[in-house]
Structures are given as C-alpha cells and as structure tokens.
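# Geometric and topological summary
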Amino acid sequence: EEFTLKIEDDLFIAAGKFDELTGLFKKPYFDYKLEKLMKKKTEGTLFCMSIDAYSFAANPPTPLQLQMAAYALKSNFREGILGISGTMILGFFPSSKQRRDNQKYIDGLIKTMHAAADEPPVFICAGAAESKSCDFSAVDTYVYANKAMGLSLEAGKNCVRYYK
C-alpha cells in the first residue's frame, strides 16, 4: 500500500499540484488530501464557493478578480486545505465548534474575498457541510456542500448555507 501511495504522490507532483494563477491546490490534489483527512475521521467543515460577476448570470470573474479573491482567502484562512476548479474554490478546515461559529468564520472569509475582488462587482455563493454529519465520506460531504451552495445561490446573498 505504501508503494501505491508513493506512485499516487508522484503522479500528482508530475501533473502539478498547484493552480498557477491562484496558488491553490488543483481539485484532484485537493480531493486526494481531503480523502486522507476523511480516512483519519477528521471532524471539520467542507465548503464550496462559486465566484461570478454580477453583470450576467453565471458570468466568470476576470483572472485578476479570481487571483485577488484567492489571495484574500489564503491570507485569512487559519488552517486546513484549499483547492480550486475553474471558478469554484473549495476548502476544508478542522473544527469541532458549533455550526454557527463555523458559518460566521466562512461568512467572514466571503466578505474579505468579496472586498478584494469587487471591481467589477462579483457574487460569491457558498455551501458547507460537516464531515461528521456525512459519516466522514468525502463524496457525501462534497455533495451536501454543493447542494447547499445552490441554496446560497437562490438566496442571492454573499453568504454560506448548510444543506443539512
């Protein structure tokens, strides 16, 4: 098994672990790191954030806006892992705090990102799910965070929502 993990590590290194624009993990490497945390039964919160420009529905932000939002996020993120896939930013942070405390923390990150990338205006919708409530399944946690992101999009606010 150790040999297999070594090969997987080498493949991620060869493929490039980091997004060149933002410096965040690319999604395949983020997924790999998240799966390792779930196997260790790490209690925490996974969040997904989608960044769109206000001018049109589902309009992508400029590369500079994405870079500024990612920089603001990294500068204020206390611990955990961050990844990116297109204009979706993913994060996982270990926490045994109450949901409202974690929600307040993520909302603070969104506010900072929004301020950093707000020319032209952007909209950040976010969803979150707790690893413990999803039985430490990386796939289930991601599915619920993604569904919650849809709820945030419907609400039309720069805030995070939980699905369950």
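In short, a report on the structure. As the structure is a computational prediction, the values presented were derived from the model and not from experiment.

### As for the pairing of strand 5 (residues 122–130)
- Within strand 5, nine of the nine residues are buried, which leaves it mostly tucked inside the rest of the structure.
- Side chains Val122, Ile124, Ala126, Ala128 and Glu130 of strand 5 all project onto a buried face; the interleaved residues Phe123, Cys125, Gly127 and Ala129 project onto the opposite face, where all are buried too.
- As judged from the three bridges shared by strand 5 and strand 6 (residues 160–162), these two strands associate in the parallel manner. Within the sheet, the bridge partner assigned to glycine 127 lies in strand 6 and is arginine 161.
- This β-α-β element, strand 5 to helix 5 (residues 138–155) to strand 6, shows left-handed connectivity.

### Topic: the packing of aromatic side chains
- Under the criterion given, the structure shown has nine aromatic pairs.
- Between the aromatic rings of tyrosine 29 and tyrosine 32, the centroid separation amounts to 5.6 Å while the plane-to-plane angle is 35°, which identifies the pairing as tilted. Remark: tyrosine 32 and tyrosine 29 occur in helix 2 (residues 27–39); sequence separation between them is three residues, near one turn of the helix.
- A relative accessible area of 10% means that tyrosine 32 is categorised as buried.
- Pairing phenylalanine 47 with phenylalanine 93 gives two aromatic rings, centres 6.3 Å apart and planes at 45°, and the pair type is tilted. Of this pair, phenylalanine 47 sits in strand 2 (residues 44–53) while phenylalanine 93 sits in strand 4 (residues 88–94), and the two are 46 residues apart along the sequence.
- For phenylalanine 47, a relative accessible area of 0% corresponds to the buried category.
- The exposure class of phenylalanine 93 is buried, given its relative accessible area of 1%.

The rules behind the values
- Residues numbered from 1 in each chain as written.
- Predicted model: local features only at pLDDT ≥ 70, side-chain atom pairs only at ≥ 80, totals over all residues.
- Heavy atoms only, no water.
- Buried < 20%, exposed > 50% of the residue type's maximum accessible area, 1.4 Å probe, protein only.
- Helix = DSSP H or I, 4+ residues; strand = E, 2+ residues; numbered from the N terminus.
- Pairing = 2+ DSSP bridges.
- Right-handed = clockwise from strand over helix to strand, strands pointing away.
- Phe/Tyr/Trp six-rings, centres within 6.5 Å; stacked < 30°, edge-to-face > 60°.

That is the geometry; function is a separate question.
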